[in-house]
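Here is what each chain is made of, one letter per residue.
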Amino acid sequence: MELENLTLTKQPLRTLHFFLLAMLQYLKRLARYIRSKGGLFVLLIVLVVAPGILLVVTDGLHKKEFINYAKFVLWWVSLGVASSIGLGSGLHTFVLYLGPHIALFTIKAVQCGRVDLKMAPYDTIQLKVGPSWLDKKCSEFGPPVYPASAHSVRIPVFDLLPQIQLEAVLWGIGTALGELPPYFISRAARLSGSKSKAVKELDVSTSNEDGRVTSTLNRTKRWLLSHSQHLNFFSILILASVPNPLFDLAGIMCGQFGVPFWEFFFATLIGKAIIKTHIQTLFIVSLCNNQLLYLMEKELIWIFGHIPGFSATLPSVIAKLHAAKDKYLSPPAAVSSSSQMEDKQWNFSFTFVWNSIVWLVLLNFFIKIITSTAQDYLKKQQDMEMELVSDSPAPDHSKTN
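Residues numbered from 1 in each chain as written. Predicted model: local features only at pLDDT ≥ 70, side-chain atom pairs only at ≥ 80, totals over all residues. Heavy atoms only, no water.

Trainee: Can you tell me about the overall build of the chain, naming the residues and giving the values?
Mentor: Along the chain, the regular secondary structure elements total 16 helices and 0 strands. Here the chain, with 401 residues, has 33% of them falling under the buried criterion. Considering only contacts within the chain whose residues lie at least 6 apart along the sequence, 76% involve residues at least 24 apart. (Helix = DSSP H or I, 4+ residues; strand = E, 2+ residues; numbered from the N terminus. Buried < 20%, exposed > 50% of the residue type's maximum accessible area, 1.4 Å probe, protein only. Contact = heavy atoms within 4.5 Å.)

Trainee: Now, about the pattern of salt bridges: what can you tell me, with residues and values included?
Mentor: Taken as a whole and judged by the stated rule, the model has 5 salt bridges. Residue Asp-116 is joined to Arg-114 by a salt bridge in which the shortest nitrogen-to-oxygen separation is 2.7 Å. Between Glu-179 and Lys-272 there is a salt bridge, with the nearest N and O atoms lying 3.7 Å from each other. Separated by 93 residues along the polypeptide, Glu-179 in the loop between helix 6 (157–178) and helix 7 (180–191) and Lys-272 in helix 12 (residues 261–288) bring together distant segments of the chain. Of the two residues, Glu-179 and Lys-272, neither departs from the other in class, the shared state being buried. (Salt bridge = Lys/Arg side-chain N within 4 Å of Asp/Glu carboxyl O.)

Trainee: Got a sec to walk through the packing of helix 10 (residues 233–240) against helix 12? Specific residues and values, please.
Mentor: Put simply, helix 10 and helix 12 touch, their axes get as near as 8 Å, and they point 35° apart. Crossing of helix 10 against helix 12: the hand is right-handed. On helix 12, the residues that touch Phe-233, Ile-236, Leu-237 and Ala-240 of helix 10 are Glu-263, Phe-264, Phe-266, Ala-267, Thr-268, Ile-270, Gly-271, Lys-272, Ile-275 and Lys-276. Per-class residue counts for the contact of helix 10 with helix 12 are 9 nonpolar, 2 polar and 3 charged. (Axes fitted to C-alpha atoms, helices over the stretch in contact; angles between N-to-C directions. Left-handed = near helix turned anticlockwise from the far one by under 90°. Nonpolar A, V, L, I, M, F, W, Y, C, P; charged D, E, K, R; others polar.)

Trainee: Tell me about the packing of helix 5 (residues 93–112) against helix 6, residues and numbers included.
Mentor: Their axes nearest at 10 Å, the elements helix 5 and helix 6 cross at an angle of 170°. Between helix 5 and helix 6, the interaxial angle falls into the category roughly antiparallel. Here helix 5 contributes Thr-93, Phe-94, Leu-98, His-101, Ile-102, Phe-105, Thr-106 and Ala-109 to the contact with helix 6, which in turn contributes Leu-160, Gln-163, Ile-164, Glu-167, Ala-168 and Trp-171. Here the residues of the contact of helix 5 with helix 6 are counted per class, giving 9 nonpolar, 4 polar and 1 charged. (Parallel < 35°, antiparallel > 145°, perpendicular 65-115°, else oblique.)

Trainee: So what's going on with the nonpolar core? Which residues, and what values?
Mentor: Residues Trp-76, Leu-98 and Leu-160 are the most contacted members of the largest nonpolar core, which totals 33 residues. Elements represented by at least two residues in this core include exactly helix 4 (61–85), helix 5, helix 6 and helix 12. Here the element with the most residues in this core is helix 5; it accounts for 9 residues. Beyond its immediate chain neighbours, meaning those up to four positions away, Leu-160 contacts Phe-105, Thr-106, Ala-109, Val-115, Ile-155, Val-285 and Asn-289. If you look at the next biggest cluster of nonpolar residues, it comprises 16 residues, including Leu-180, Leu-237, Ala-240 and Ala-267. (Core = buried A, V, L, I, M, F, W, Y, C linked by side-chain atoms within 4.5 Å.)

Trainee: For the confidence of the model for the chain, give the residues involved together with the corresponding values.
Mentor: Across the chain, pLDDT averages 75, with 65% of residues at or above 70. With pLDDT under 50 throughout, residues 205–209 is counted as low confidence; its partners more than four residues away or in other chains account for 4 contacts. (pLDDT = per-residue confidence, 0-100.)

Trainee: Could you give me a rundown of the state of the cysteines, with the residues and numbers involved?
Mentor: On inspection of all chains with the given rule, the structure shows 1 disulfide. The partner cysteine of Cys-112 in its disulfide is Cys-138, sulfur to sulfur 2.1 Å. Looking down the S-S bond of the Cys-112 and Cys-138 bridge, the torsion is -70°, so its handedness is left-handed. You can see Cys-112 sitting in helix 5 and its partner Cys-138 sitting in the loop between helix 5 and helix 6, a full 26 residues away along the chain. Here Cys-112 and Cys-138 have matching classes, each one buried. (Disulfide = S-S within 2.5 Å.)

Trainee: Quick one: what's the story with helix 2 (residues 12–36), residue by residue and with numbers?
Mentor: An ideal rise of 1.5 Å per residue puts 36 Å on 25 residues; helix 2 measures up with 36 Å between its terminal C-alpha atoms. Along helix 2, the positions that sit buried rather than exposed are Thr-15, Phe-18, Phe-19 and Ala-22. (Expected span 1.5 Å × (residues − 1).)

Trainee: Go over a positive patch on the surface, please, and point to the residues and values.
Mentor: Together, Lys-28, Arg-29, Arg-32, Arg-35 and Lys-380 give the surface a local cluster of positive charge. For the positive patch, the element with the most residues is helix 2, which contributes 4 residues. Assignment of secondary structure puts Lys-380 in helix 15 (residues 337–391). With relative accessibility at 37%, the residue Lys-380 sits in the partly exposed group. (Patch = residues over 30% accessible without salt bridge, like charges linked within 9 Å, V, L, I, M, F, W, Y side chains within 5 Å. Areas by Shrake-Rupley, 256 points an atom, 1.4 Å probe, with all protein chains shown as cover. Lys, Arg positive; Asp, Glu negative; His and termini not counted. Charge placed at Lys NZ, Arg CZ, Asp CG, Glu CD.)

Trainee: Outline the side chain of Thr-281, listing residues and values.
Mentor: Note that Thr-281 resides in helix 12. For Thr-281, the side chain forms a polar contact with the main-chain oxygen of Thr-277, separated by 2.8 Å. In this view, Thr-281 contacts Ile-102, Leu-161, Ile-164 and Ala-168; residues no more than four positions away in its chain are not counted. (Polar contact = N/O pair within 3.5 Å; in protein donor to acceptor, adjacent residues only side chain to side chain.)

Trainee: Give a description of the UniProt feature "transmembrane region" (unreviewed entry) in the chain that names residues and reports values.
Mentor: UniProt feature "transmembrane region" (unreviewed entry): in the numbering of this structure it lies at residues 40–61, 73–98, 231–252, 264–288, 300–319 and 348–370. Here residues 264–288 runs as 100% helix and 0% strand, with 35 Å between its end C-alpha atoms. (UniProt positions renumbered as here; feature names shortened; annotations may be inferred.)

Trainee: Describe the packing of aromatic side chains, and please don't skip the residues or the numbers.
Mentor: Here a ring pair, both rings aromatic, is described through the centre-centre distance and the interplanar angle of the planes. Following the criterion strictly, the structure yields 15 aromatic pairs and no others. When the centroid spacing of 6.0 Å and the interplanar angle of 50° are considered together, the rings of Tyr-183 and Phe-261 count as tilted. In this pair, Tyr-183 is assigned in helix 7 and Phe-261 in helix 12, connecting sequence segments 78 residues apart. Look at Phe-261 and you get buried, because its relative accessible area is 19%. Within the aromatic cluster, the residues linked to one another by ring pairs are Tyr-183, Phe-184, Phe-261, Trp-262, Phe-264, Phe-265 and Phe-266. Against the face of Phe-105 rests Lys-118, its NZ or CZ located 5.7 Å from the ring centre. (Phe/Tyr/Trp six-rings, centres within 6.5 Å; stacked < 30°, edge-to-face > 60°. Lys NZ or Arg CZ within 6 Å of the ring centre and 35° of its normal.)

And the structure:
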């Protein structure tokens with residue numbers, strides 16, 4: 001009951017007090033670890049400080065470019081890490097940021113008939129900054145490179161892919177880095193001679209009160225746990241290469257059953273940053289490109305053409321589909337200044353609401369971190385007190401009598 005009541009809403013001062021004590025404890029452990037690994041950390045400091053010194057010494061265009069690339073790399077890698085940890089609410093940054101960015105670039109390229117829209121590789125969606133190509137007119141980029149055929153522009157997928165490949169790979173690297181904490185936590189629990197919390201939960205039988213989805217997930221997790229002896233480079237690679245909500249469990253099992261770190265990390269990195277990322281990127285590009293729409297249109301015409309009574313209405317249906325496609329994939333028409341002001345006001349309000357939701361999710365995530373850290377610290381203190389009580393000798397009542 002004391003642990004359950006230790007929250008920021010019920011006991012804010014006490015929760016913050018235990019959180020600060022836990023952080024001081026972690027900092028002391030980190031200082032001891034740094035002292036034991038002095039040479040390695042000196043090398044890391046040199047590698048980090050040297051670019052900073054060069055950045056201060058140099059000036060002009062190179063400094064600006066370095067800062068732009070650093071922000072670009074940090075942004076997309078951080079989004080990948082955030083996607084793996086879920087920010088405590090299942091937040092998936094591919095759906096929120098990378099997917100829309102790929103879709104917007106593909107649609108813009110199809111509208112303008114060319115792929116050289118970016119002024120630099122870092123010309124993407126970033127924190128409080130939008131891409132320069134998004135609001136430009138197609139005439140500012142020059143004449144179309146890919147001519148229109150049958151009233152539509154079809155750009156080869158592998159011509160579009162290099163334009164958005166770098167940010168996708170960086171996001172994939174971030175997702176691979178985000179899978180390391182479950183591995184290290186489970187590995188630390190194994191080295192200390194205990195089981196991680198997730199493995200202990202799987203050992204408990206499924207309650208009949210659980211829903212069908214929860215029961216199915218628990219059975220799947222226990223099946224993976226029972227087949228953990230088959231975890232190797234290729235099995236981890238397969239699990240990391242497909243959208244897999246249970247990959248956290250794979251990381252926990254790899255740490256619990258002694259899979260070497262570099263084997264786990266390289267398999268995860270290749271699977272998530274190269275294979276899975278390119279599958280998702282190619283899917284979004286194909287979905288927003290006229291080639292996929294053209295193939296789908298041909299298949300629909302062939303299917304519905306063989307349905308009795310539908311072939312007569314097929315031309316009107318196809319015309320409506322073409323009108324809808326032209327509305328979203330044709331270059332935008334010129335609008336008046338008043339309409340532009342209304343659009344900007346609407347975009348501002350939408351951006352404000354969207355950013356507010358994201359910041360609320362982040363705030364909720366940090367609150368959960370503070371609460372969980374404070375409760376873990378209190379739990380350890382309670383365990384130590386219980387050990388002292390159990391180890392203390394019982395009073396001898398026979399002497400008193």
